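# Structural features, examined
Below, each chain spelled out in residue letters.
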Amino acid sequence: MSADTTGTTTRTPGVRDGLDTDAARPDGTPKVTGAFAFSSDLYAQQMLWGRTLRSPHAAARIVSIDTSAAEAMPGVAAVLTAPDVPGKATYGLEHADQPVFASDVVRYQGEAVAVVAAEHPELALRAVRAIEVVYAVTAPLTDPEAAIDAPPIHPDGNVFRHLPLRHGDIHATGEVVVEGTYEMGMQDQAFLGPESGLAIPSEDGGVELYMSTQWLHVDRDQVAACLALPAEQVRMTLAGVGGAFGAREDVSLQVHVSLLALRTNRPVKMLYSREESFHGHVHRHPAKMWFRHHADRDGTLVKVEARLVLDGGAYASSSTAVIANAVCFAGGPYRVPNAEIHGYAVRTNNPPCGAMRGFGVVQACFGHEAQMDRLAEALGMDPVELRLHNALRPGDELLTGQVITGTAPVREVIEAAVAHDLPPLPVDGESVMALPGGAGLTAERRDVRRGTGIAVSIKNLMFSEGFDDYSTAGVKLELDPRGRPIATVHCACAEVGQGFVTLAQQITRTALGVEQVLLRNADTQIGSAGSTSASRQTWMSGGAVQLACEAVQERLFERASVRSGVAVEAGRRRHFRMRDGEVVEVDGTFAMSVAELLAEGPIEEIREHHHPATEPLDEDGQGNAHVSFAFAAHRATVDVDPELGLVKVLQVATGQDIGRALNPRAVVGQIEGWIAQGVGLAVMEEILVQDGLIKNPSFTDYLIPTALDMPSVVQTVIEQPEPGAPFGAKGVGEPPTISSTPAVVAAIRAATGRELPRVPVRPQDIALT
């Protein structure tokens, strides 16, 4: 079922914790008190422990595998390698190009070669170490530029996708031209809960799989194919998720733990260590990018040229979609009449890369915003004024030829960000913690310089390029044992911290006027909700819950029509409404409590929500490929000690387009939290890869911002309801990360005068250049 559902839900006035309120998260108190069960807490009677043997090499041929010593160990229940996979030998989110187990070659450090199941986790580790694998090490292909034309390291080739985009007159030139080359390192999602799951064999020969994931149904389908089982015999239930940010879209241990459970006919649990987690999931694509911007003397953009190369690592994951986003939005949130852009996502022997918050736009935004600052300098123009002069508006055309039909408050988010007061100047007697380097007592105030920078972003919402994106939800309304109405919502939407569990309750309370709303576990016993990614679940699963509630509401109105004695064959939603736990006629002549209407029995409805269709990009990168767009601006202020290369981010001010704040407190939390991820990428977060090998697979050496690293965040949200969106709301979680990074780097440039073409900015980039 597809519908434009904006504003169609009949609301109950004054319902507690409904939409537009700061309703509390139902999982909030359990999480902060330690009572919440994460996937790492899973347990079953007679449970075995699984462990994976991984390649220590980035590239090698497997000469032989000897598992006999491991199999002979007391307490070891199973040792599995490639020949033990009964079904499809490969899996993958979009392209099944990754082996369940490497059998002839390994293509990255950490690739799975074997798994074991044992009575104790330490015994499983010893069994893994007892497996003897003879490798013939080969030279890894680690340069993404070289990979484009290098001999293929995989039967599918080295180029996942080459996407050319040609828009307008590609031969147009401007009076002022600036160009630059930029790089972005590999960022990790750094979720606190490592990968874990529990598989339990079922009586029908299938498996019950409890996993922390972002997309239950796609996981199920990949697992079922590898197990040679019908999809209905793989029943997945979402376990408590300790963060995701894109890294749980891909299969990690799902197939392995299921294979072990079916082989041993016992429950099997797998739990990655932190080091193994770094090898066991995808990361943000490193990027090398060249841009050339053309403009007239008054600052009007004429053309953007770009070449973007993203390193996808050994396997495809979602690289084809990531490069599409990078190319589509390489011009930024600006009017660009002409463009020629080439994007490449390539295969190397580096760690696999895939989805991470911002999904290709983070890389492009770092490049195009640095270019806007270069252009402003060349024009002698204020960087804010240049951005305002070129800001997109509704009705404008994007680089893909798509016209913006929804809201586009680009000017408004810029003006909101720069309207906030700057942080106060330093005062005598300030704490050393206010200085770059903090408690290290390294910087002195007289050596510190302050800088401010701005950046602006555009991000698509939902999946693109013709993907049949939908979500399913069911709502059941009945009486509890005390005769009070209670609603139960069933949806396979993965709650990974974004707050859908709160929103689903808010929507249901508002639509049905009931305070008691329960949430069933997310599982595959209902239709797919799609992935918790692409800023899509408020729109898609929120829309599905809304439609299901409206269907339940219609059934209530049918019963009210019968009870009132007034036949209403059509337009019941115009004849009746909800009010204070009652169904009332609009003219006030009839009223009956919801509880009385439910005396006839429960009401349950299931609905799907689809967004308007999109289309694939053509050979020139043109087409209506996207559903909707969100915009944000960030202004960062930093203090820098140029001699030591130390940076303290003092403040990030933001204006963000959100459509409508369905839960204002949750919006604030999302914006603050994901600015932290952007700040981390700007000044500290990078997986260090040398010759294909990860050098810092720990939170000791991979640095992420702590509370002491977080700047003050001041924010203004722009509420312009989006046409066609359920309740007019847009996703909130991605834009804070996208343009906060280039804003921080722009501020460091302003403080130091350095070009800083690479992110994260390291101390040596400031002090030794």
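Residues numbered from 1 in each chain as written. Predicted model: local features only at pLDDT ≥ 70, side-chain atom pairs only at ≥ 80, totals over all residues. Heavy atoms only, no water.

Another aspect to go through is helix 11 (residues 410-419). Every α-helix winds through 3.6 residues per turn, so residues three or four apart in the chain are directed the same way. Turning to helix 11, its buried residues are V410, V413, I414, A416 and A417. End-on view of helix 11: buried residues confined to an arc of 165°, all on one side of the axis. (Buried < 20%, exposed > 50% of the residue type's maximum accessible area, 1.4 Å probe, protein only. Helix = DSSP H or I, 4+ residues; strand = E, 2+ residues; numbered from the N terminus. Arc of directions from axis to C-beta.)

The next point concerns the packing of aromatic side chains. Think of a pair of aromatic rings as described by two things: how far the centres are apart, and how the planes are tilted against each other in angle. Applying the stated criterion to the full structure yields 13 aromatic pairs. Taking the centre distance of 6.2 Å and the plane angle of 80° together, the rings of Y182 and F366 count as edge-to-face. With Y182 in strand 10 (residues 176-184) and F366 in helix 9 (residues 361-379), this pair connects stretches of sequence that are 184 residues apart. Just as Y182 is buried, F366 falls in that class too. Positioned above the aromatic ring of F191, the side-chain terminus of R248 is 4.0 Å from the ring centre. (Phe/Tyr/Trp six-rings, centres within 6.5 Å; stacked < 30°, edge-to-face > 60°. Lys NZ or Arg CZ within 6 Å of the ring centre and 35° of its normal.)

A pair can form between side chains of opposite charge whenever their charged atoms are brought close. Throughout the structure, instances matching the rule amount to 41 salt bridges. D221 is the salt-bridge partner of R220, the closest N and O atoms lying 3.0 Å from each other. The closest approach of N and O atoms between R559 and E600, which form a salt bridge, is 3.6 Å. Taken together, the positions of R559 in helix 13 (residues 537-564) and E600 in the loop between helix 15 (594-597) and strand 25 (603-610) put the pair 41 residues apart, joining distant regions of the chain. (Salt bridge = Lys/Arg side-chain N within 4 Å of Asp/Glu carboxyl O.)

Looking now at the sheet that holds strand 23 (residues 582-585). The strand order across the open sheet formed by 3 strands is 22-23-24, and the pairing between neighbours is antiparallel. The open sheet has two free edges, formed respectively by strand 22 (576-579) and strand 24 (591-593), since each of these has just one partner strand. Strand-to-strand, the axes of this sheet are offset by a mean angle of 25°, without reference to chain direction. Relative to strand 23, strand 22 runs antiparallel, the two being bridged by 4 bridges. Bridging from a neighbouring strand, R579 pairs with E582 of strand 23. Packing against the sheet, helix 13 makes contact with strand 22, strand 23 and strand 24, and its axis sits at approximately 110° to strand 22. (Pairing = 2+ DSSP bridges. Axes fitted to C-alpha atoms, helices over the stretch in contact; angles between N-to-C directions. Contact = heavy atoms within 4.5 Å.)

The next subject is the side chain of Q537. Position of Q537 among the secondary structure elements: in helix 13. Looking at Q537, its side chain comes within polar contact range of the main-chain oxygen of S531, at 3.2 Å. For Q537, the residues in contact, after removing those within four places along its chain, are C493, Q498, F500, A529, G530, S531, T532 and G542. (Polar contact = N/O pair within 3.5 Å; in protein donor to acceptor, adjacent residues only side chain to side chain.)

Turning next to helix 10 (residues 383-390). Of the residues making up helix 10, those classed as buried are V384, L386, R387, L388 and N390. Taken together, the buried residues of helix 10 touch strand 16 (301-311), helix 9, helix 11 and strand 18 (449-461). Regarding helix 10, its N-cap is D382, as a side-chain oxygen of that residue lies 2.9 Å from the backbone nitrogen of V384 further along.

The next subject is the nonpolar core. Formed by 92 residues in total, the largest nonpolar core has its most connected members in L308, I341, I414, V744 and I748. The biggest single contributor to this core is helix 9, with 9 residues. Setting aside its immediate chain neighbours within four residues, I341 contacts L163, P164, L165, V304, A306, L308, V327, A330 and L399. Among the nonpolar cores identified, the runner-up in size contains 77 residues, and A244, I526, V594 and L597 belong to it. (Core = buried A, V, L, I, M, F, W, Y, C linked by side-chain atoms within 4.5 Å.)

Spatially, the 4 strands line up as an open sheet ordered 21-20-19-25, and their pairing is mixed. Across the chains shown, the open sheet's two edge strands, defined by having one partner strand only, are strand 21 (517-519) and strand 25. Taking each pair of neighbouring strands and ignoring which way they run, the sheet shows an average axis angle of 20°. In the sheet, strand 19 (residues 470-479) pairs with strand 25 via 8 bridges, with the strands oriented antiparallel. Residue pairing in the sheet places K476 in a bridge with E604 of strand 25. Contacting strand 19, strand 20 (485-491) and strand 25, helix 13 crosses the sheet at an angle of about 140° to strand 25.

A complete count under the given rule lists 0 disulfides for this structure. In this structure C328 is not part of a disulfide, and its nearest cysteine sulfur, from C365, lies 15 Å away. (Disulfide = S-S within 2.5 Å.)

It is worth spelling out the domain arrangement of the chain at this point. For the chain, the assigned domains are domain 1 (28-37 + 470-610), domain 2 (45-139 + 194-241 + 248-280) and domain 3 (287-464 + 616-767). Relative placement of domain 1 and domain 3: their C-alpha centres are 38 Å apart. Across the contact, 18 residues belong to domain 1 and 17 residues belong to domain 3. Together domain 1 and domain 3 conceal approximately 1,400 Å² of surface at their shared face, both sides included; 68% is due to carbon and sulfur atoms. Three residues stand out in domain 1 for area buried against domain 3, namely A534, S535 and W539, and they jointly supply 49% of the buried area on that side. (Domains from an automatic or database assignment. Buried area = accessible area lost by both parts, 1.4 Å probe.)

Below, the discussion takes up the packing of helix 5 (residues 216-227) against helix 6 (residues 254-264). Interhelical geometry of helix 5 versus helix 6 gives an angle of 45° and a closest axis separation of 10 Å. Regarding the angle of helix 5 to helix 6, the classification is oblique. Considering only the axes of helix 5 and helix 6, their crossing is right-handed. Residue-level contacts link D219, V223, C226 and L227 of helix 5 to Q254, V255, S258, L259 and L262 of helix 6. For the contact of helix 5 with helix 6, the class distribution of residues is 6 nonpolar, 2 polar and 1 charged. (Parallel < 35°, antiparallel > 145°, perpendicular 65-115°, else oblique. Left-handed = near helix turned anticlockwise from the far one by under 90°. Nonpolar A, V, L, I, M, F, W, Y, C, P; charged D, E, K, R; others polar.)

Tracing the sequence through the fold places D618 in the loop between strand 25 and strand 26 (628-641). Residues D618 and L518, 100 residues apart in the sequence, show an inter-C-alpha distance of 45 Å. Reaching out from D618, the side chain makes a polar contact with the backbone nitrogen of D620 at a distance of 2.8 Å.

On to a nonpolar patch on the surface. Side chains of V432, M433, L441 and L708 sit close together on the surface and give an oily, nonpolar patch of about 390 Å² of accessible area. Note that L441 resides in the loop between helix 11 and strand 18. L441 sits in the exposed class, given a relative accessible area of 62%. (Patch = residues over 30% accessible without salt bridge, like charges linked within 9 Å, V, L, I, M, F, W, Y side chains within 5 Å. Areas by Shrake-Rupley, 256 points an atom, 1.4 Å probe, with all protein chains shown as cover.)

Let us now look at the packing of helix 9 against helix 18 (residues 740-752). Viewed as axis vectors pointing N to C, helix 9 and helix 18 meet at an angle of 35°, and their least axial separation amounts to 9 Å. Seen from above, helix 9 lies across helix 18 with right-handed handedness. Between helix 9 and helix 18, the contacting residues are C365, F366, E369, A370 and D373 on the first element and P742, V745, A746 and R749 on the second. Class assignment for the residues of the contact of helix 9 with helix 18 results in 6 nonpolar, no polar and 3 charged.

Moving on, we get to the pairing of strand 11 (residues 196-201). Within strand 11, 5 of the 6 residues are buried, leaving the element largely enclosed by the surrounding structure. Alignment of strand 11 against strand 14 (residues 268-271), held across 4 bridges, turns out to be antiparallel. Looking at the pairing, L198 lines up with K269 of strand 14. Here 5 bridges tie strand 11 to strand 12 (residues 207-211), and the two strands are oriented antiparallel to one another. Note that in strand 12 the partner of P201 across the bridge is V207. Taken together, strand 11 and the strand that follows it, strand 12, pair antiparallel across an intervening segment of 5 residues, in which G205 is found at a positive phi of about 90°.

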